[in-house]
Amino acid sequence: MVIEDKTRGGSDKSGKLKCKCRGHDGPIQSVAAFKPGVVVSGSSDRTMKLWKWGDDAELATIAGHANGVSCMMWVDAMTPLLVSGSDDWSIKVWTVEVVAEEKKKSNWNASVTPIATMAKAHKDTVKCLAQVGYPCKRIVSGSNKEMKLWDFKTYECLAVMKGHDGWVVGAA
């Protein structure tokens, strides 16, 4: 599957275009697979989009960040949660429900609801997110020269880990 902005094209490693999911007005900065058949993309256009895998169908546009969406992750919880980090320095948590219509299983519907915002979570762009534990009790976020540990029930910062010389761009 290729997810692209409105100005670019692309193909997978075989050279055959699998899927064109057009809709973002800026470059895509992150992609995360959800459950079978659903993927989410985050863009510099300040939105995320839910896509039905394989047939170009946009299920929902998620707006709420003041700047580009730089990273995302799905949290395995009782209710599926999407966590997004942004160039606006915030982290947001969203509930996501994707269901197939009973009469026609090929028609899917999605609903997305914001449930929490950690405004100014960092002093710069939030570059990465990672789940800690199963089920998720904590999340880790990374930015310029630091990582933070967050309680996933209260959304409070529990610890700040400093010491990097530059950007923290990945966490697992």
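Given the structure is predicted, the values throughout are model-derived calculations rather than measurements.

Participant: Please clarify how the sheet that holds strand 4 (residues 38-43) should be interpreted in this entry.
Facilitator: By way of backbone hydrogen bonds, the strands of a sheet pair with one another, either parallel or antiparallel. Strand order in this open sheet of four strands is 3-4-5-6, and the pairing throughout is antiparallel. Both edges of this open sheet fall to strand 3 (28-33) and strand 6 (57-63), since each of them pairs with a single strand only. Ignoring strand direction, the axes of neighbouring strands in this sheet form an average angle of 20°. Judged from the six bridges that link them, strand 5 (residues 47-52) and strand 6 form a sheet pairing that is antiparallel. Across the sheet, the residue bridging to Met 48 is Ile 62, located in strand 6.

Participant: Explain the side chain of Ser 41 here, please?
Facilitator: Mapping Ser 41 onto the fold places it in strand 4. A polar atom in the side chain of Ser 41 sits 2.7 Å from the side chain of His 24. Within the structure, Ser 41 has its side chain in polar contact with the side chain of Trp 51 (distance 2.8 Å).

Participant: Would you mind showing me how to read the packing of aromatic side chains here?
Facilitator: One pair of aromatic rings is described through two measures. These are the centre distance and the angle between the planes. For the structure shown, the criterion picks out one aromatic pair. Geometrically, the ring pair formed by Phe 152 and Tyr 155 is edge-to-face, given 5.6 Å between the ring centres and 75° between the ring planes. A relative accessible area of 7% places Phe 152 in the buried class. A cation over a ring is seen here: Lys 120 above Trp 89, with NZ or CZ 4.8 Å from the ring centre. One residue, Lys 127, lies across the ring of Trp 167, its end atom 5.2 Å from the ring centre.

Participant: Explanation requested: the pairing of strand 7 (residues 69-75) in the structure shown.
Facilitator: Working note: regular strand, side chains alternate between the two faces of the sheet. The buried fraction of strand 7 amounts to seven of the seven residues, a majority that puts the element mostly inside the structure. Two strands pair when backbone bridges link them, and strand 7 and strand 8 (residues 81-86) are joined in this way by six bridges, in the antiparallel orientation. The residue bridging Val 75 from the neighbouring strand is Leu 81, located in strand 8.

Participant: Would you mind showing me how to read unusual backbone geometry here?
Facilitator: Among all residues except glycine, the phi angle is most often negative; among peptide bonds, the trans geometry is most common. Phi at Arg 46 takes a positive value of approximately 80°, unusual for a residue other than glycine. Within the element layout of this structure, Arg 46 appears in the loop between strand 4 and strand 5. Under the relative-accessibility criterion, Arg 46 is labelled partly exposed at 44%. At Tyr 155, a position not held by glycine, the phi torsion is positive, near 60°.

Participant: Just checking my understanding: could you explain the sheet that holds strand 11 (residues 128-132) for this structure?
Facilitator: Taken in spatial order, the four strands of this open sheet run 11-12-13-14, and their pairing is antiparallel. The sheet is open, and its two edges are formed by strand 11 and strand 14 (157-167), each paired on a single side. Averaged over all pairs of adjacent strands, the angle between their axes in this sheet comes to 20°, without regard to strand direction. When strand 12 (residues 138-142) meets strand 13 (residues 144-151), the two strands line up antiparallel, connected through five bridges. If you follow Ile 139 over to strand 13, its bridge partner there is Trp 150.

Here is what the cut-offs are and how they apply
- Residues numbered from 1 in each chain as written.
- Predicted model: local features only at pLDDT ≥ 70, side-chain atom pairs only at ≥ 80, totals over all residues.
- Heavy atoms only, no water.
- Pairing = 2+ DSSP bridges.
- Helix = DSSP H or I, 4+ residues; strand = E, 2+ residues; numbered from the N terminus.
- Axes fitted to C-alpha atoms, helices over the stretch in contact; angles between N-to-C directions.
- Polar contact = N/O pair within 3.5 Å; in protein donor to acceptor, adjacent residues only side chain to side chain.
- Phe/Tyr/Trp six-rings, centres within 6.5 Å; stacked < 30°, edge-to-face > 60°.
- Buried < 20%, exposed > 50% of the residue type's maximum accessible area, 1.4 Å probe, protein only.
- Lys NZ or Arg CZ within 6 Å of the ring centre and 35° of its normal.

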